[in-house]
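Structural characterization, general
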Amino acid sequence: MSNELNDFAEQIIQFEKKKHLADNDVAFGTQLSVERIHNIKAMATKPTNDEINALTKFMRSHK
């Protein structure tokens, strides 16, 4: 799971860089807290399936 989490965190980071978004922009779009987004990116916590789905849907809708 460690590599999967690392890959997902990296996807979020690269998405934010590419789209010039901050954690608060992603939080607003996904209805997750800024702290939760930050912790997922920092790999301090494991995202739930619902969080993964919300983040993935948000990133896909902004391509």
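The structure contained in this document is the topic of the report that follows. (Residues numbered from 1 in each chain as written. Predicted model: local features only at pLDDT ≥ 70, side-chain atom pairs only at ≥ 80, totals over all residues. Heavy atoms only, no water.)

**Some points on the pattern of salt bridges**
Taken as a whole and assessed by the stated rule, the structure comprises three salt bridges. Across the pair glutamate 16 and lysine 41 runs a salt bridge whose closest N-O atoms are separated by 2.5 Å. Placement of glutamate 16 in helix H1 (residues 2-19) and of lysine 41 in helix H3 (residues 34-41) is noted, with a sequence separation of 25 residues between them. No difference in accessibility class separates glutamate 16 from lysine 41, as the two residues are buried. With a closest N to O distance of 2.6 Å, lysine 41 and aspartate 23 form a salt bridge. With a gap of 18 residues between them, lysine 41 in helix H3 and aspartate 23 in helix H2 (residues 23-30) connect regions that are remote in the sequence. (Salt bridge = Lys/Arg side-chain N within 4 Å of Asp/Glu carboxyl O. Helix = DSSP H or I, 4+ residues; strand = E, 2+ residues; numbered from the N terminus. Buried < 20%, exposed > 50% of the residue type's maximum accessible area, 1.4 Å probe, protein only.)

**Brief notes about the environment of threonine 56**
With respect to the helices and strands, the residue threonine 56 is situated in helix H4 (residues 49-61). Separated by 48 residues in sequence, threonine 56 and phenylalanine 8 have C-alpha atoms that sit 9.2 Å apart. At a separation of 2.7 Å, a polar atom in the side chain of threonine 56 contacts the main-chain carbonyl oxygen of isoleucine 52. (Polar contact = N/O pair within 3.5 Å; in protein donor to acceptor, adjacent residues only side chain to side chain.)

**Quick look at the nonpolar core**
Counting eleven residues, the largest nonpolar core consists of Phe8, Ile12, Phe15, Val26, Ala27, Leu32, Ile37, Ile40, Leu55, Phe58 and Met59. For this core, the secondary-structure elements that each account for two or more residues are H1, H2, H3 and H4. (Core = buried A, V, L, I, M, F, W, Y, C linked by side-chain atoms within 4.5 Å.)

**Points about H4**
Between the first and last C-alpha of H4 there are 18 Å, a value that for 13 residues agrees with the 18 Å anticipated at 1.5 Å per step. Every buried residue of H4 is listed here: Glu51, Leu55, Phe58 and Met59. The buried side chains of H4 occupy one side of the element, clustering within an arc of 95 degrees when seen end-on. Structural note: H4 exposes Asn49, Asp50, Lys57, Arg60 and Ser61 on the side pointing more than 90 degrees away from its buried face. (Expected span 1.5 Å × (residues − 1). Arc of directions from axis to C-beta.)

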